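Letter by letter, the chains look like this.
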Amino acid sequence: MSTAPTKAFASQADLDEKKITFQQLSAHCWAYTAEGDPNSGVIIGDKYILVSDATATPAMARDLIAKIRTVSDKPIKYVLLTHYHAVRVLGASAYAAEGATEIIASRGTYELIVERGAQDMQSEIERFPRLFRGVEGIPGLTWPTMVVGDGQPGRQGSLCIDLGGVKVDIWHPGAGHTRGDTIAWVEAEKVLFSGDLVEYEAGVYTGDAQLEEWPATLEALRALNAEAIVPGRGEAMMGHANVNKALDYTKRWVETLFGCGKEAAKQGLDLKASMALTRQSMDPIFGHVFIYEHCLPFDVSRAYDEAQGIKNPRIWTAERDKDMWAALQA
């Protein structure tokens, strides 16, 4: 008796290396992008450098550092964690040798590391082994040395850093990808480093999201009138119209997904039926993009929960990951 093949768990079968691009966006701002893999941003001042999103392992961070060293020998003093996910933060220790003295995160991100950082670390390493090359070099969880704001959205709790010739504003614009999302904004050059609040032509992971609030947070970013953006995944976008294209892409994903979750809850569907309902709307629009099949079951699970009133996302453990995958992607 034959059975249908099971899709490889998450991205365990994704072994193809991606082409890295290190692109200058403005006088002081650079994008480190990788064909839909997680991006990092770099801001180079006359005195110091800030890196936004540290990469997943110290070994992978050293690849980014090598790119930075082709254009500047200034100390990389600041590392910004746009949110708590392991793939963004666990490479931070590599920057100490390059002059890093400050690791910056929002109050919400700090609280999420306390609440679920250890579980997230184990979960993500098992989901996407290619992105954790050199995993044995991770010394443990990454903890911020500077915590920004009080957890409330808006610029009133912002931090301004002078890198020498360029100022960077850092604040929590509102919940979305997580409840602690943090951005870096170079106002003089109109460049936005959004982390995973914004994606373009790649899967939008929402497994730990605040889906109801996310669209309003995107509109707060739109109001900045950025001329360039480094999204969490996808190519860096240049020009105001292209920045809006990335914002619109992310908003469409979030609203379509959450709308399906609310419809499933209204109909009293179970999780598997919610997945089928969601696919009817999502597959035709987004089914072709990088890590779509990885993201979708986690996204449907979160939309299903939030639509039923579970405001604080349930913690993903390696065990919960695999149980959910077996239920939805087998």
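Scroll up to find the structure this text is about.
Residues numbered from 1 in each chain as written. Predicted model: local features only at pLDDT ≥ 70, side-chain atom pairs only at ≥ 80, totals over all residues. Heavy atoms only, no water.

Draft legend 1. Region of the structure containing a nonpolar patch on the surface. On the surface, a cluster of nonpolar side chains totalling about 260 Å² of accessible area is made up of V114, L141 and W143. By the secondary structure assignment, W143 is in the loop between α3 (107-127) and β7 (146-148). (Patch = residues over 30% accessible without salt bridge, like charges linked within 9 Å, V, L, I, M, F, W, Y side chains within 5 Å. Areas by Shrake-Rupley, 256 points an atom, 1.4 Å probe, with all protein chains shown as cover. Salt bridge = Lys/Arg side-chain N within 4 Å of Asp/Glu carboxyl O. Helix = DSSP H or I, 4+ residues; strand = E, 2+ residues; numbered from the N terminus.)

Draft legend 2. Representation of the nonpolar core in the model. Ranked by size, the top nonpolar core spans 73 residues in total, and within it V42, Y95 and W253 carry the most contacts. Sort the elements by how many residues they give to this core and helix α5 (residues 240-267) lands first, with eight residues. The residues touching W253, leaving out its near neighbours within four places in the chain, are A202, G203, V204, T206, M282, F286, V289, Y292, C295 and D299. Residues L25, L80, V186 and F193 belong to the second largest nonpolar core, which totals 22 residues. (Core = buried A, V, L, I, M, F, W, Y, C linked by side-chain atoms within 4.5 Å. Buried < 20%, exposed > 50% of the residue type's maximum accessible area, 1.4 Å probe, protein only. Contact = heavy atoms within 4.5 Å.)

Draft legend 3. Fine view of the pairing of strand β5 (residues 76-80). Along β5, four of the five residues are buried, which leaves the element largely enclosed by surrounding structure. Note that the unit made of strand β4 (residues 49-52), helix α1 (residues 58-68) and β5 has a crossover that is right-handed. For β5 and strand β6 (residues 102-106), the ladder comprises three bridges, and the chain directions are parallel. Its bridge partner being in β6, V79 is matched across the sheet by I103. (Right-handed = clockwise from strand over helix to strand, strands pointing away. Pairing = 2+ DSSP bridges.)

Draft legend 4. Region of interest: the pattern of salt bridges. The tally for this structure, following the rule as stated, stands at 23 salt bridges. R69 serves as the salt-bridge partner of E98, at 3.0 Å between the closest nitrogen and oxygen. Within this pair, whereas E98 is found in the loop between α2 (86-89) and β6, its partner R69 is found in the loop between α1 and β5, the two being separated by 29 residues in sequence. Classification of E98 as partly exposed rests on a relative accessible area of 23%.

Draft legend 5. Geometry of unusual backbone geometry. Unusually for a residue other than glycine, D53 sits at a positive phi of about 75°. Positionally, D53 belongs in the loop between β4 and α1. Given a relative accessible area of 3%, D53 falls into the buried group. One non-glycine residue, K190, lies in the positive phi region at around 60°. Structurally, K190 can be placed in the loop between β10 (183-186) and β11 (191-195). Here K190 falls in the partly exposed class, since its relative accessible area comes to 28%.

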